[in-house]
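# Close look at the chain arrangement
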Amino acid sequence: MAVLLSTLATEIVIPVAAVIGIVFSLVQWFIVSRVKVTPERHAPPAGPNSNKNGFNDYLIEEEEGLHDQNVVAKCAEIQNAISEGATSFLFTEYQYVGVFMVVFAILIFLFLGSVEGFSTKSQPCTYDAQRTCKPALATAVFSTVAFVLGGVTSILSGFLGMKIATYANARTTLEARKGVGKAFIVAFRSGAVMGFLLAANGLLVLYITINVFKVYYGDDWEGLFESITGYGLGGSAMALFGRVGGGIYTKAADVGADLVGKVERNIPEDDPRNPAVIADNVGDNVGDIAGMGSDLFGSYAESSCAALVVASISSFGINHEFTSMLYPLLISSMGILICLITTLFATDFFEIKAVKEIEPALKKQLIISTVLMTVGIAIISWIALPSSFTIYNFGVQKVVKNWQLFLCVAVGLWAGLIIGFVTEYYTSNAYSPVQDVADSCRTGAATNVIFGLALGYKSVIIPIFAIAVSIFVSFSFAAMYGIAVAALGMLSTIATGLAIDAYGPISDNAGGIAEMAGMSHRIRERTDALDAAGNTTAAIGKGFAIGSAALVSLALFGAFVSRAAISTVDVLTPKVFIGLIVGAMLPYWFSAMTMKSVGSAALKMVEEVRRQFNTIPGLMEGTAKPDYATCVKISTDASIKEMIPPGALVILTPLIVGTLFGVETLSGVLAGSLVSGVQVAISASNTGGAWDNAKKYIEAGASEHARTLGPKGSDPHKAAVIGDTIGDPLKDTSGPSLNILIKLMAVESLVFAPFFATHGGLLFKIF
């Protein structure tokens, strides 16, 4: 049966969906920009035509001191300091990353070009020796170009996200004076700007790259999509440095600020007297926004590349069915349109009036997008796929029906939702696990740490079952292609996921600005409520990222095994088993490096903050200004220096193992790192999230139980702060960086597979 959606329609639908996403994000940005951060000399007119920012609530504004120009000027000043700090850090980081990108691009070209000795002659195809394919040198050139494109898009995603977040933080603070609903909408719209820009840019660049490469490759789709894998590698390689560098930066500042400010000096969080406070707020933007944006872009690029590579050697590729081939991109296009409708539920269809409505509103975003997306996937599967087709499955062709592929994508999508909700249950202070952790603070920091660790380990159980079920279902139906599209299903609502995720750091910054600008207690309570909901949603975002990373890296692993012509991976052979056990150790080695980096950077920060409190007269009384710039510099220098060793570990491992020990040992390393990396990442993220929200539970004092543990400054609160400080590097540096470790090693192995298959295993050849 012919496919309902014609090639021409596919050529139109994908870029149009991407452009709609970009336009929608610009509209959201325009609406946010209407909140002014410059002091106005006169009150705006009240009346029926006043805009939706709430200018007609005139009396309330006067009561809240809305027209106090000093406060507005102070907010603008703090926002500028945060924005400048974040921009200067990212520029410094990108200089180092740029050098790495050039060096690694040259490596890709040399390794892949040498497969056939830089020959320009056409070769017999890998999977069909009767046909001729483009030379290995072409793959080398185009993979290098795709790598650079992926890297640049990843950097751009992170940078634009950071710019939007630093643009929106003070605006969220100022809107909080008019009510929690107004502040929520500004923070959420700003998150949506990032979500849609990233999803649409990633899709558009990938689509254009495929079409440009097609001009050269023509009928050789196998070579075309193999070279496209460089795009995923570029995205993830940049994300690794963004995540690790940003994570070290933010946590060094956060831990330094908390240990001296809250524990030793007993001053509130984000108090302007604390010298590390600007660095802490900068860190939220470079770690949780720029790093996370690059990370999720990397996941998206890799899952698309994995699906395309596996499909290129199946009936779609062999019969040159363009629409079916681009099924992964059509799913992403549908995802953008579905997320656009979903976003309107949060910003336009319903209004938040009370604090308790914030978290449910964010949860509804996930549920609505998942339900609508299930229908969207059904439509795409019906119009873009033939009723039955064959998929390459380790040497044999497997017949698959289009409804089976629909189920593969749907199972990934719903597994993502389950992981999100389990993460929320274990990290939100609305439920018993976090309340138990808070309760354990009665007897000191030690019991808090024990309870938190136990919670983290326990929180791994259900997500792993969800991932296991989705792997079993999708592999049974459509082999490795099924797993690749299941990963895409999990990431299909990436625009909404990112909007919810970016909302957290924006709200956190808004609270910091409110405290530093000396706003009233009532406004600080509103921003705290936004931040507490944001903390939980950030944990949900990390759960999504880790779950999708597991599926993506498994799909890439399958593509690597096919490409390297390994018929079976036998665990009982010594070559594979040594790889397996070493691979399982890598996440621990990597976590040790990143945790220690945060520790040593935080040590320098603590010393500097103590020095300023001890030597600057009048600092504690609030009559003198601290030296914020020195703390920003300490965080920047430490994170740039410390991000290189863990990055080198991840990037060099596949190259060394593949070259010296060969593809069988490398397949063991990939399997081992995937299996242990997922467990360590989930437990680290959730432990840290639970400790953070246990501290906030005590601080907020919203329930009778919480009030018995508080107030701020009480012994249980101090124990909770220590737990939160230990959890910071776990949840924001090690945990989220691990999902890049497992994806990056897999995609790198896939890109270099032709080289490893031809020249790898030098040690075994010698002996």
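Because the structure is a prediction, the values reported are computed rather than measured. (Residues numbered from 1 in each chain as written. Predicted model: local features only at pLDDT ≥ 70, side-chain atom pairs only at ≥ 80, totals over all residues. Heavy atoms only, no water.)

## Topic: the overall build of the protein chain
This is how the line gets drawn: Labels follow the DSSP assignment, with helices taken as runs of H or I lasting at least four residues and strands as runs of E lasting at least two, numbered in each case from the N terminus. Using C-alpha atoms as the atom set, the radius of gyration is obtained and then compared with a globule rule of 2.2 Å times the number of residues to the power 0.38. Any residue under 20% of the maximum accessible area for its type is buried, any over 50% is exposed, and the rest in between are partly exposed; the area is computed with a 1.4 Å probe on protein chains only. Whether two residues are in contact is decided by their heavy atoms: any pair within 4.5 Å suffices. His is not counted here, nor are the chain ends, while Lys and Arg score as positive and Asp and Glu score as negative. Charge coordinates come from a single atom per side chain, which is NZ of Lys, CZ of Arg, CG of Asp or CD of Glu.
Summing up its helical and strand segments, the protein chain has 25 helices and four strands in all. Compactness check: the protein chain gives a C-alpha radius of gyration of 26 Å against a globular reference of 27 Å for 767 residues, within 12% of the reference. In terms of principal-axis extent, the alpha carbons of the protein chain reach across some 80 × 65 × 45 Å. Residue burial in the protein chain is summarised as follows: out of 767 residues, 64% are buried. Within the protein chain, residue pairs in contact and separated by at least 24 positions form 84% of the contacts whose partners lie at least 6 positions apart. Averaging the positions of the 49 positive and the 59 negative side-chain charges in the protein chain gives two centres separated by 1 Å.

## A short note on the environment of Ala 430
Along the chain, Ala 430 falls in the loop between helix H12 (402-427) and helix H13 (432-439). Classification of Ala 430 by relative accessible area gives exposed; the value is 52%. For the pair Ala 430 and Thr 536, spaced 106 residues apart in the sequence, the C-alpha separation amounts to 10.0 Å.

## A short note on the pattern of salt bridges
Working definition: two side chains of opposite charge can pair if their charged atoms are close together. Formally: Salt bridges, as used here, are contacts in which a Lys or Arg side-chain nitrogen is within 4 Å of a carboxyl oxygen on Asp or Glu.
Within this structure, the stated rule accounts for 27 salt bridges. Each of Lys 251, Asp 254, Asp 531, Asp 692, Lys 695, Lys 696, Asp 724, Asp 728, Lys 731 and Asp 732 takes part in salt bridges that share partners, so that together they form one network.

## Some details on the pairing of strand E4 (residues 396-401)
What counts, and what does not: Should DSSP find at least two bridges between two strands, the strands are taken to pair.
The sheet contact formed by strand E3 (residues 388-393) and E4 spans six bridges and is antiparallel. Residue pairing across strands places Ile 391 opposite Lys 398, the latter belonging to E4. In sequence, E3 turns back onto E4 through a hairpin of two residues, with Phe 394 there showing a positive phi of about 50°.

## Re a nonpolar patch on the surface
Operational definition: Patch membership requires over 30% relative accessible area and the absence of a salt bridge. Like charges are linked within 9 Å, and nonpolar side chains (Val, Leu, Ile, Met, Phe, Trp, Tyr) within 5 Å. Here, Shrake-Rupley sampling with a 1.4 Å probe gives the accessible areas, and only protein chains in the shown set may cover a residue.
On the surface, Val 102, Ile 106, Phe 109, Leu 110, Phe 118, Val 141, Val 145 and Leu 149 cluster together into a nonpolar patch covering about 620 Å² of accessible area. Listed by contribution, the elements that provide at least two residues to the nonpolar patch are helix H3 (69-113) and helix H4 (136-175). A total of four residues in the nonpolar patch trace back to one element, the largest contributor, which is H3. You can see Val 141 is positioned in helix H4.

## A few points about the environment of Ile 566
Assignment of secondary structure puts Ile 566 in the loop between helix H17 (521-563) and helix H18 (574-615). Residues Ile 566 and Ala 378, spaced 188 residues apart in sequence, show a C-alpha to C-alpha distance of 34 Å. When near neighbours in sequence (up to four residues on either side) are disregarded, Ile 566 contacts Phe 560, Val 561, Val 663, Glu 664 and Ser 667.

## Looking at H18
Operational definition: In this scheme, a helix's expected span is set at 1.5 Å multiplied by one less than its residue total. In this scheme, the bend at a residue equals the angle between the axes fitted to the seven residues that finish there and the seven that begin there.
Between the first and last C-alpha of H18 there are 61 Å, a value that for 42 residues agrees with the 62 Å anticipated at 1.5 Å per step. Of all the bends in H18, the greatest, near 25°, is centred on Leu 586, and the proline Pro 587 appears no more than four residues after it.

## Details of empty space enclosed by the protein
The cut-off we apply is this: Every definition here rests on a 1 Å grid over the protein atoms only: cavities are sets of points where a 1.4 Å probe fits but cannot get out, pockets are open sets enclosed by protein on both sides within 12 Å along at least five of seven lines, and lining residues have some atom within 4 Å of a point. Grid points are joined across faces, edges and corners, and a volume is the space filled by probe spheres set on the points.
If you walk through the whole model with that rule in mind, you get ten cavities of 30 Å³ or more. When residues of the lining of the largest cavity are traced back to their parent elements, those giving at least two are helix H15 (461-491), helix H16 (494-516) and H17. Within this model, the second largest cavity holds a volume of roughly 90 Å³. Lining of the second largest cavity is provided by twelve residues; of these, Val 310, Ile 313, Gly 558, Ala 559 and Ser 562 occupy positions nearest its centre. Counting only elements with at least two residues in the lining of the second largest cavity, the list comes to helix H7 (277-312), E3 and H17.

## Some remarks on the nonpolar core
Here is the rule we go by: Put simply, buried Ala, Val, Leu, Ile, Met, Phe, Trp, Tyr and Cys residues joined by side-chain atoms within 4.5 Å make one nonpolar core.
Counting residues in each nonpolar core, the largest one holds 232 residues, and the members touching the most others are Phe 184, Tyr 327, Ile 358, Tyr 481 and Phe 560. Looking at this core, the element that brings in the most residues is helix H5 (residues 180-217), giving 22 residues. Aside from chain neighbours lying at most four places away, what touches Phe 560 is Ile 566, Val 663, Leu 666, Ser 667, Leu 670, Ser 749, Leu 750 and Ala 753. In terms of nonpolar packing, the next biggest core, distinct from the first, is built from 18 residues, Val 434, Leu 455, Trp 691 and Leu 730 among them.

## Points about the state of the cysteines
As a reminder, the rule being used: For this text, the term disulfide refers to a pair of cysteine sulfurs within 2.5 Å.
By the definition in use, this model includes zero disulfides. Cys 305 provides the cysteine sulfur closest to Cys 408, a residue in no disulfide bond, and the two sulfurs are 19 Å apart.

## Things to note about the packing of aromatic side chains
What counts here: Two rings from Phe, Tyr or Trp (for Trp, the six-membered ring) form a pair when their centres are within 6.5 Å of each other. A pair whose planes differ by under 30 degrees is stacked, one over 60 is edge-to-face, and the rest are tilted.
Applying the stated criterion across every chain, the model contains 28 aromatic pairs. Measuring from ring centre to ring centre gives 6.0 Å for Phe 104 and Phe 752, while their planes differ by 80°; the resulting arrangement is edge-to-face. Residue Phe 104 is located in helix H3, and its partner Phe 752 is located in the loop between helix H23 (715-751) and helix H24 (753-759); the two are separated by 648 residues in the primary sequence. Like Phe 752, Phe 104 is buried.

## Let's talk about the packing of H3 against H7
Applicable threshold: Simply put, an axis is a line fit to the C-alpha atoms, just over the touching stretch for a helix, and the angle between two N-to-C directions goes from 0 to 180 degrees. We call two directions roughly parallel when the angle between them is under 35 degrees, roughly antiparallel when it is over 145, roughly perpendicular when it lies between 65 and 115, and oblique otherwise. By convention, the crossing between two helices is left-handed when the near helix turns anticlockwise from the far helix through less than a right angle, and right-handed when the turn is clockwise. For this classification, Asp, Glu, Lys and Arg are treated as charged, while Ala, Val, Leu, Ile, Met, Phe, Trp, Tyr, Cys and Pro are nonpolar and the rest, including Gly, are polar.
Across the interface, H3 lies against H7 with an axial gap of 9 Å and an inter-helix angle of 55°. Overall, the two elements H3 and H7 adopt an arrangement that is oblique. H3 and H7 meet at a crossing whose hand is right-handed. For the pair H3 and H7, contact is made by Ile 78, Ala 81, Ile 82, Gly 85, Ala 86, Phe 89 and Leu 90 and by Ile 278, Asn 281, Val 282, Asn 285, Val 286 and Ala 290, respectively. The class makeup of the residues in the contact of H3 with H7 is ten nonpolar, three polar and no charged.

## Concerning the packing of H18 against helix H21 (residues 663-700)
The N-to-C vectors of H18 and H21 enclose an angle of 40°; their axes lie 6 Å apart at closest approach. The angle between H18 and H21 places the two elements in the oblique class. The hand of the H18/H21 crossing is right-handed. Contacts from Lys 575, Val 576, Ile 578, Gly 579, Leu 580, Gly 583, Ala 584, Leu 586, Pro 587, Tyr 588 and Ser 591 in H18 reach Glu 664, Thr 665, Gly 668, Val 669, Ala 671, Gly 672, Ser 673, Ser 676, Gly 677 and Val 680 in H21. Residue composition of the contact of H18 with H21, grouped by class: ten nonpolar, nine polar and two charged.

## Observations regarding unusual backbone geometry
Excluding glycine, a negative phi dihedral is what most residues carry, and trans is how most peptide bonds are arranged. Non-glycine residue His 320 carries a positive phi angle of around 55°. Along the chain, His 320 falls in the loop between helix H8 (315-318) and helix H9 (322-325). A positive phi is found at Ala 479, a non-glycine position, where the angle reads about 50°. Looking at the secondary structure, you find Ala 479 in helix H15.

## Thoughts on the side chain of Gln 365
Within the secondary structure, Gln 365 is located in helix H11 (residues 358-384). Taking the relative accessible area as the measure of exposure, Gln 365 reaches 2% and is therefore buried. When residues no more than four places from it in sequence are discounted, the contact partners of Gln 365 are Phe 188, Thr 342, Thr 343, Phe 345, Ala 346, Thr 496 and Ile 500.

## A look at the confidence of the model for the protein chain
Put simply, the test is: Per-residue confidence from the predictor is reported as pLDDT, a score between 0 and 100.
Model confidence for the protein chain is summarised by a mean pLDDT of 87, while 95% of its residues fall at 70 or above. This stretch, residues 42-64, has a pLDDT under 50; its non-local contacts, to residues over four places away or in other chains, come to 34 contacts.

## Some remarks on the side chain of Lys 178
Basically, it comes down to this: The term polar contact refers here to a pair of N or O atoms within 3.5 Å; inside protein, the definition further demands a hydrogen-donor-capable atom paired with an acceptor-capable atom, and it admits residues adjacent in sequence only when both atoms are side-chain atoms.
Assignment of secondary structure puts Lys 178 in the loop between H4 and H5. There is a polar contact of 2.8 Å between the side chain of Lys 178 and the side chain of Glu 175.

## Quick word on the environment of Ala 684
Checked against the element boundaries, Ala 684 lands in helix H21. Along the sequence, Ala 684 and Gly 735 sit 51 residues apart, while their C-alpha atoms lie 5.1 Å from each other. Once residues within four sequence positions are removed from consideration, Ala 684 is found in contact with Leu 730, Lys 731 and Gly 735.

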